[in-house]
Amino acid sequence: MNQDELKKAVAQAALDYITPKLERDSVIGVGTGSTTNFFIDLLPSIRDQFSGTVASSEETARRLEKLGIPVLELNDVNELVVYIDGADESNPQLELIKGGGAALTREKVVAAVAREFVCIADERKWVDILGKFPLPVEVIPMARSYVARQLVQLGGQPVYREGVTTDNGNVILDVYNLSIMEARKLETEINQIAGVVTNGLFAQRPADVLLLSSNEGVRQIRPRYS
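All of these numbers come straight from a predicted model, not from anything done at the bench.

**Some thoughts on the pattern of salt bridges**
Between side chains of opposite charge, a pair can form as their charged atoms come close. Applying the stated criterion to the full structure yields 11 salt bridges. Residues Asp85 and Lys98 are paired through a salt bridge, measuring 2.7 Å at the closest nitrogen-oxygen approach. Taken together, the residues span a long stretch of sequence, with Asp85 in strand S3 (residues 82-85) and Lys98 in the loop between strand S5 (96-97) and helix H4 (104-113) at a distance of 13 residues. Overall, Lys98 belongs to the buried group, its relative accessible area being 2%. Salt-bridge contacts for Arg161 lead to Asp174; the nearest nitrogen and oxygen are separated by 2.7 Å. Taken together, the residues Arg161 in the loop between strand S8 (157-160) and strand S9 (171-176) and Asp174 in strand S9 connect sequence positions 13 residues apart. Overall, the relative accessible area of 16% leaves Arg161 in the buried class. Residue class for Asp174 comes out buried when judged on its relative accessible area of 9%. Taken together, the shared-partner salt bridges connect Lys21, Glu116 and Arg222 into one network.

Pasting the structure below:
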């Protein structure tokens with residue numbers, strides 16, 4: 001299968017996974033990215049089984065609304081029964097790197113509210129150690145140079161993602177050459193740098209289940225702890 005076929009397969013697996021969990025008043029959190037877009041395109045088939053969605057980005061909200069799916073403000077929702085989103089990398093603990101689409105802050109907020117975080121990805125995203133994919137860091141614009149210098153001290157090589165402004169009006173630094181052995185610790189260290197909004201490590205709140213597609217099918221993976 002090509003990459004689009006793998007993404008379609010895992011999107012369908014996600015729909016099948018969440019459908020038994022839904023009730024008429026359920027609200028679904030929906031992430032951002034190419035794999036998640038395939039999931040969004042399937043949602044109209046179960047439209048009568050949930051009440052609405054919360055989107056992790058303006059782009060996702062537009063896509064949902066175009067399909068006739070109600071999009072709610074997170075402030076008006078007490079709980080999300082499930083959050084579906086992709087990842088740029090996942091390790092066996094289901095700690096993730098996210099933010100390739102520059103939606104990491106809202107993704108992290110939506111994930112925090114969800115009862116269950118279901119990550120969907122293809123086998124290219126599976127790694128033993130996080131860090132081959134550059135780690136996105138969302139930064140207040142005035143702090144970009146300062147934050148970059150601090151990230152260098154942590155052993156990374158930050159690169160300004162030119163021409164990109166997040167939905168929150170901030171900028172992105174992509175940090176290369178990190179070998180992330182202690183993801184929870186590094187997530188906290190980076191978030192404590194003045195001017196950082198958040199970073200793309202989802203280790204404090206990892207995925208609860210990973211649906212991983214390959215030519216052999218879709219595997220359901222739970223976190224493995226050493």
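Moving on, there is more to tell.
**Description of helix H2 (residues 34-42)**
Of the residues making up H2, those classed as buried are Thr35, Thr36, Asn37, Phe38, Phe39 and Ile40. Those residues of H2 that are buried lie in contact with helix H1 (3-18), strand S1 (27-30), helix H3 (58-66), S3 and strand S6 (117-122).

**Points about the sheet that holds strand S13 (residues 217-221)**
Sheet architecture is open: 6 strands sit in the order S2-S1-S3-S6-S12-S13, paired in mixed fashion. Because the sheet does not close on itself, it has two edges, and the strands there are strand S2 (52-55) and S13. When strand polarity is set aside, the average angle formed by the axes of neighbouring strands in this sheet is 20°. Running at roughly 155° to S2, H3 makes contact with S1 and S2 of the sheet.

**Here's the deal with the environment of Asp4**
Summarising the element assignment, Asp4 is placed in helix H1. Given a relative accessible area of 42%, Asp4 falls into the partly exposed group. Each C-alpha atom, one on Asp4 and one on Ser34, is 8.9 Å from the other, the two residues being 30 residues apart in sequence.

**So, the side chain of Thr166**
By the secondary structure assignment, Thr166 is in the loop between S8 and S9. Residues within four places of Thr166 in sequence aside, it is in contact with Ala102, Glu138 and Ile172.

**Quick look at the pairing of S2**
Here S2 shows a buried face lined by Gly52 and Val54 and a second buried face lined by Thr53 and Ala55. Here 4 bridges tie S1 to S2, and the two strands are oriented parallel to one another. Residue pairing in the sheet places Val27 in a bridge with Gly52 of S2. For the segment spanning S1, H2 and S2, crossover handedness is right-handed.

**Brief notes about the packing of H1 against H2**
Between H1 and H2, the shortest axis-to-axis distance is 8 Å and the interhelical angle comes to 50°. Put simply, H1 runs oblique to H2. Seen along the crossing, H1 lies across H2 with a hand that is right-handed. The segment H1 lies against H2, with Asp4, Lys7, Lys8, Val10, Ala11, Gln12, Ala14, Leu15 and Ile18 engaging Ser34, Thr35, Phe38, Phe39 and Leu42. The residue inventory of the contact of H1 with H2, partitioned by class, reads 8 nonpolar, 3 polar and 3 charged.

**Details of the packing of aromatic side chains**
Inspection of every chain in the model, using the stated rule, returns 2 aromatic pairs. Between Tyr83 and Phe117, the aromatic rings sit 5.2 Å apart at their centres with planes inclined by 35°, giving tilted as the arrangement. Here Tyr83 is found in strand S3, whereas its partner Phe117 is found in strand S6, with 34 residues between them in sequence. Across the pair, exposure class does not vary: Tyr83 and Phe117 are buried alike. Among the aromatic side chains, those forming a connected cluster through ring pairs are Tyr83, Phe117 and Phe202. Over the face of the ring belonging to Phe50 we find Arg47, whose NZ or CZ atom lies 5.3 Å from the ring centre.

Criteria and thresholds
Residues numbered from 1 in each chain as written. Predicted model: local features only at pLDDT ≥ 70, side-chain atom pairs only at ≥ 80, totals over all residues. Heavy atoms only, no water. Salt bridge = Lys/Arg side-chain N within 4 Å of Asp/Glu carboxyl O. Helix = DSSP H or I, 4+ residues; strand = E, 2+ residues; numbered from the N terminus. Buried < 20%, exposed > 50% of the residue type's maximum accessible area, 1.4 Å probe, protein only. Contact = heavy atoms within 4.5 Å. Pairing = 2+ DSSP bridges. Axes fitted to C-alpha atoms, helices over the stretch in contact; angles between N-to-C directions. Right-handed = clockwise from strand over helix to strand, strands pointing away. Parallel < 35°, antiparallel > 145°, perpendicular 65-115°, else oblique. Left-handed = near helix turned anticlockwise from the far one by under 90°. Nonpolar A, V, L, I, M, F, W, Y, C, P; charged D, E, K, R; others polar. Phe/Tyr/Trp six-rings, centres within 6.5 Å; stacked < 30°, edge-to-face > 60°. Lys NZ or Arg CZ within 6 Å of the ring centre and 35° of its normal.

Treat this as a map of the structure, not an account of what it does.
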